[in-house]
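Residues per chain, in single letters:
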Amino acid sequence: MTAPILLRAADPGLAAHAAVFGSRPSPSLDGLLGELEAAGLDGRGGAGFPVHRKLAAVARASARGGAPIVVGNGSEGEPLSAKDRVLLQRAPHLVLDGLLICAEALGSDEAHLVVHADARSAAERALAERSDAGIVRLHVADHGFVGGEASALVAGVSGRPGVPSDRVVRLAERGLRRRPTLVQNVESLAQVAVIARTGADRHRSRGRAGDAGTRLVSVSTPGETPIVLEVDGGTAIAEILTATGVTRDPAAVLVGGFHGTWLPREALDAALSPRGLAQWGASPGAGVLHVLSGGDCGIRATADMLAFLAAASARQCGPCLNGLPAIAASMRALAAGRDTRDELRRLAGLVDGRGACAHPDGTVRLLRSALTVFADDAQAHTESRCRAGRRVRS
């Protein structure tokens, strides 16, 4: 592991930030877009969409009329992630720099920063130190798991219920108060602030196997608080686990969080990058690695996650209102010893691709990967056995 970039400041104050990173730059829109495209920066909020393309889409929409708005997303409703909170606590001014750089380049007169409650005080202190952040309004996320989805976040900022919308028009064209709206994860904004200072070449000098720059990763085991570290892009999962000390006989790893994908032990040499994980049908998502050992039951762990996801739905459409609770109930039944595998596959087919947002699709992704990676465990449960030594009730 090489030295971190985003988390290297030991003091979160403005003076210490300026000593490490210097003053905030003010690149032109064209200059910023060019550097971000050359850097190959993908969004760090989960979807991995290229940052320069989002920025360019908002710029095109605002040119047709309507002053743009910029929103920084640090809501972090994913239970297995802590990276955004740690970033805001350790380097809040880097996030604010990125937010203001985007706002200034776009000509925005309004910006919003949405944070998890645990990062509120750090964000408030940082904003109080700045003389250039008058356009930034701070919000504390209170809409749960689905509230972090971009359209739900914008709804929450506007004072409406923070639930996803089935959008025909993109936020980049018509978002908050019907104005072009850029929504970026706070880690993405921090990366923007670094690239605007040091350039695309420096960004690309970090990373491996074509995955430029660094990533923040949250690593956890059942019942433990996530450990957050900054790694070079393309670092192998096994190397990351070793660096955090999570080496207790890993049997499987969930990559990407509750909407992610279970990977078997033989996949742990894969790079934590879109290219490295493609063969396993996975992606880095929001940088979550959740590790199960041989003593953990993958069927029970997934059943608990599916129950959480069913309860977290916005209940706006049939797949969420009816499908997710049915999936959660069938998975609980499998954990208790009933063979519901065919029913789970049937329900997954009914739900996938039919929701008003991506929440049902993410839930199905988790389920299908569990039925594959934990196939032997599922079979054992149907025979009233648990390979992890847990009691199974018929």
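Residues numbered from 1 in each chain as written. Predicted model: local features only at pLDDT ≥ 70, side-chain atom pairs only at ≥ 80, totals over all residues. Heavy atoms only, no water.

(A) Spotlight on the overall build of the protein chain. Tallying secondary structure elements over the protein chain gives 16 helices and 11 strands in all. For 394 residues, the compact-globule estimate of 2.2 N^0.38 gives 21 Å, and the C-alpha radius of gyration of the protein chain, at 21 Å, lies within 12% of that figure. Counting only C-alpha atoms, the protein chain reaches 65 × 45 × 35 Å along its principal axes. Relative to its 394 residues, the protein chain shows a buried fraction of 56%. Contacts spanning at least 24 positions in sequence make up 71% of the contacts within the protein chain whose residues lie at least 6 apart. About 15,900 Å² of surface is accessible on the protein chain, with carbon and sulfur atoms providing 48% of the total. (Helix = DSSP H or I, 4+ residues; strand = E, 2+ residues; numbered from the N terminus. Rg over C-alpha atoms; globule rule 2.2 N^0.38 Å. Buried < 20%, exposed > 50% of the residue type's maximum accessible area, 1.4 Å probe, protein only. Contact = heavy atoms within 4.5 Å. Areas by Shrake-Rupley, 256 points an atom, 1.4 Å probe, with all protein chains shown as cover.)

(B) A look at the packing of aromatic side chains. The tally for this structure, following the rule as stated, stands at three aromatic pairs. Geometrically, the ring pair formed by F258 and F308 is edge-to-face, given 5.2 Å between the ring centres and 85° between the ring planes. With F258 in the loop between β9 (250-255) and β10 (261-264) and F308 in helix α12 (residues 298-312), this pair connects stretches of sequence that are 50 residues apart. The exposure class assigned to F258 is buried, which follows from its relative accessible area of 8%. Consider the rings of W262 and F374, whose centres lie 5.0 Å apart with planes at 70°: the pair is edge-to-face. One end of the pair, W262, is in strand β10; the other, F374, is in the loop between α15 (359-373) and α16 (375-382), with 112 residues separating them in the sequence. F374 matches W262 in its accessibility class, with the two residues each being buried. Grouping aromatic residues by their ring pairs yields a cluster made of F145, F258 and F308. (Phe/Tyr/Trp six-rings, centres within 6.5 Å; stacked < 30°, edge-to-face > 60°.)

(C) Here's a closer look at the pairing of strand β3 (residues 136-140). Across five bridges, strand β2 (residues 111-115) lies against β3 in parallel orientation. Considered in β3, the bridge of V115 is made with V140. (Pairing = 2+ DSSP bridges.)

(D) Here's a closer look at the environment of A375. Assignment of secondary structure puts A375 in helix α16. As a C-alpha pair, A375 and T221 span 154 residues in sequence and 21 Å in three-dimensional space.

(E) Seen up close, the pattern of salt bridges. A complete count under the given rule lists 24 salt bridges for this structure. Between D232 and R206 there is a salt bridge, with its nearest N and O atoms 2.9 Å apart. Within this pair, whereas D232 is found in strand β8 (residues 227-232), its partner R206 is found in the loop between α9 (200-204) and β5 (207-208), the two being separated by 26 residues in sequence. An identical accessibility class is assigned to D232 and R206; each is buried. (Salt bridge = Lys/Arg side-chain N within 4 Å of Asp/Glu carboxyl O.)

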